[in-house]
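# Examination of the molecular architecture
These are the residues of each chain, in order.
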Amino acid sequence: MHAPSTHYRFQPLNIGRFVLWSLFALALAVAPLLFTSSLALTMLSQIGYLIIICLSYNILLGQGGMLSFGHAVYTGLGSFIAVHAMNMAARQGGLQVPLVLIPAVGGLAGLVFAAVLGFVTTRKSGTTFAMITLGIGELVASMALMFPEFFGGEGGITSDRVYGAKFLGLDFGPQIQVYYLIAVYCFVCTGLMFAFTGTPLGRMLNAVRDNPERVEFIGYNTQRVRYFSFIIAGFFAGVGGGLAAINFEIVTAADSVSVLRSGGYLLFTFLGGATFFFGPMIGAVLLVFASVLLSELTKAWLLYLGLAFLVMVMYAPGGIASLVMMNLRVLRFGRFKPLLPGYAALLVGALVALAGAAAVIEMLYHVQLNAALGPELPFLGLTLHVDRAMSWVGAVLVLAVGLALLEAARRRFMLRWSAAQEAIEHQLRMKESA
Amino acid sequence: MNPEFLVISLLNGVSYGLLLFMLSSGLTLIFSMMGVLNFAHTSFYMLGAYFAYSISKAVGFWPALFVAPLLVGALGAVFERYSLRRVHKFGHVPELLVTFGLSYLVLELVQLVWGRSTVPYGLPTQLQGPLFTLYGTQFPKSRSFIMLVALLMLLSVWLLLTRTRIGLVIQAALKHPDMVEALGHNVPRVFMLVFGGGAALAGLAGVIGGNTYITEPAMAASVGSIVFVVVVVGGMGSLAGAFLASLLIGLLQTFAVALDWSLAGGLRSLGMAVTDQTFGYPLLKLTISQVAPILPYLLLVLMLIFRPKGLLGTRED
């Protein structure tokens, strides 16, 4: 039976779903062959498990409308149980869990903790839910420092992932083998989470997000829908945490379960785009690039991150994924070309403004942190002098010009953009009436 | 427990609780009016402390007491006007997110301008030293000054809300914003004033809290979650509830950090043998002062299980 589609689907995704998933698997498989440096391999491994974590977070944020500030609780506790399971398996007489199943152990831990703590948090929705998850996050984070026997105190718990019998001839000592373990888990978990969006529970979760009152009238218990979804999200978060434990072979309480880390997951899931399934995957990639590369490049990376986040919330609350999909739609209706000059103007304005802002910020940071290094600051091939007014005036001028250009470009672009959207709507109506 | 410890802890607890109330009152006012959970509320508290530090270096503490909250309030109003109002149409979650982003940004900017370590924001000479000595223990003037300012603030907010025209408009806009707008009042501007006012209250708390306690970049985060606990425990959107919960949590934390009772000690005094071989010894040996940081959150969880709407709340959701 083919029921009429009751929800919004993007056509290209449906036609090419098979192709897309194959491409995803292929990308996971060949990525370490293309980028062979050890830095790239570390980053790819992190991206792999962060994709799982961000997607699991999006079950709450995007699909359930539940803004959680305590997701690191489930990833972190998953990591701890996983690391203890590894240490136990390495001991004589302990329960022998093979390494390939350790992420599942982490997942079960995440599931159990989500079942216990989620019972309290999911009693509420909306803003109260957000506050309670924050409270529980703080509770677990401070408790973790209280029990050094289990959480290892300041030093954390270390482990060795090479133990027991080999699995298909692999001992998971080299990073490349760990990467492929992560990649397999990443693919399977992504598939499972995508399948979850199509289950009755996944659909009800969307309904609970959009109109809880009406769902109650139909006879569903919204609290229970939230609770079950929370448990599922907790499971996948734990899997991600378990993989992280295998990857680093160390878990520390001050970092893994911290509220700061939960905030990071929230930030990047949102930046990637919470309204589309694949958005958090973009977010995971960005998270690794920001925390590994951007933090190397500049000390002010958290400031840039905060600014990018604010701009994104204000101007594109659907994240990068929604920007991509909106443009794909324009492209599909063949109305992309007239927008190109607008995009070029926006890009120029944004780059100029960014250069000015970055110059100001970098000079401020230089004054604050590196005063001992002298007044010279290399910046984009130029040398700025933080002790001369000229550098400051110049930077502020560039920033002002960039902002003016950006605003002018934005106004013109919005006109063209809404014209294109109107034309598309018109085209759709014509098709319908024909 | 001797009476000296009891009285001094009681006073310390009440002064800390009143400081919490200065923060939670603005938060709860903003929440009940606009439905916005202001994640950056304690960032305004931190800004208040840092502004007061810089201003008091230039012109002294007493002008800073008035100027710093006004500056913070103006910043809050600007943020509401140009950022929060933009995302209002997207719903509550983006509103919360934009304040979350602001808290990130304020933290980074504070570290950028004032550095990453503690700043020497000291008490003015008039507030140094003890106010009175009780059973040989001194009660500092600064703590009593916090109590005084908080009570004055409570009184003036109450008078403003119930006895003035703008207060009546605010109260009406709480319940029926559409109707108030139809009657010709500029409700968005009222929102902006309330947000700015709430931020100014947080800034005022920062001015007097910053030199009594400590002024550092972590001060926003350390009190931030506690303030949320206060708001939930007191009941979302209830000022009286926030007052009760602030005092409760202030007292709870002050007493807890001073008590070194543990379950193991309690069992031993009952005549049971408790050693490090006993089952659950890591839990039993924890003293109350060690678990003090988690007590507010524990209270939050218990409250949600047994009375989900909070102490004086009326909203079930």
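In this text the structure is predicted, and so the values were computed from the model without any measurement.

## Points about the overall build of chain A
Regarding its fold elements, chain A presents 18 helices and four strands. Expected size for 434 residues packed as a compact globule is a radius of gyration near 22 Å; at 24 Å, chain A falls within 12% of this value. The burial tally for chain A puts 41% of its 434 residues in the buried class. Partitioning the contacts of chain A with sequence separation of at least 6, the portion at a separation of at least 24 is 79%.

## Some thoughts on the overall build of chain B
From N to C terminus, chain B includes 14 helices and two strands. Here chain B has a C-alpha radius of gyration of 21 Å; the compact-globule value for 317 residues is 20 Å, and the two agree. Each principal axis of the C-alpha distribution contributes one length, and for chain B these read about 75 × 50 × 40 Å. Residue burial in chain B is summarised as follows: out of 317 residues, 46% are buried. Restricting the contact set of chain B to residue pairs at least 6 apart, pairs at least 24 apart contribute 77%.

## Some points on the pairing of strand E4 (residues 382–385) of chain A
Residue and element names in this part refer to chain A. Pairing geometry for strand E3 (residues 376–379) and E4, over four bridges, is antiparallel. Directly across from Glu376, in E4, lies its bridge partner His385. Counting the residues between successive antiparallel strands, the hairpin from E3 to E4 contains two residues, one of them, Leu380, with a positive phi of roughly 50 degrees.

## Considerations on the domain arrangement of chain A
Residue and element names in this part refer to chain A. Here the domain parsing of chain A yields domain 1 (11–315) and domain 2 (333–433). Computed from C-alpha atoms alone, the centre-to-centre distance between domain 1 and domain 2 is 33 Å. Counting residues at the interface gives four residues for domain 1, matched by four residues for domain 2. Of the residues contributing to the side of domain 1 that touches domain 2, the split by class is two nonpolar, one polar and one charged.

Calculation notes
Residues numbered from 1 in each chain as written. Chains lettered and ligands numbered in written order. Predicted model: local features only at pLDDT ≥ 70, side-chain atom pairs only at ≥ 80, totals over all residues. Helix = DSSP H or I, 4+ residues; strand = E, 2+ residues; numbered from the N terminus. Rg over C-alpha atoms; globule rule 2.2 N^0.38 Å. Buried ≥ 20, exposed ≤ 12 C-beta atoms within 10 Å, placed from the backbone. Contact = placed C-beta atoms within 7 Å. Pairing = 2+ DSSP bridges. Domains from an automatic or database assignment. Nonpolar A, V, L, I, M, F, W, Y, C, P; charged D, E, K, R; others polar.

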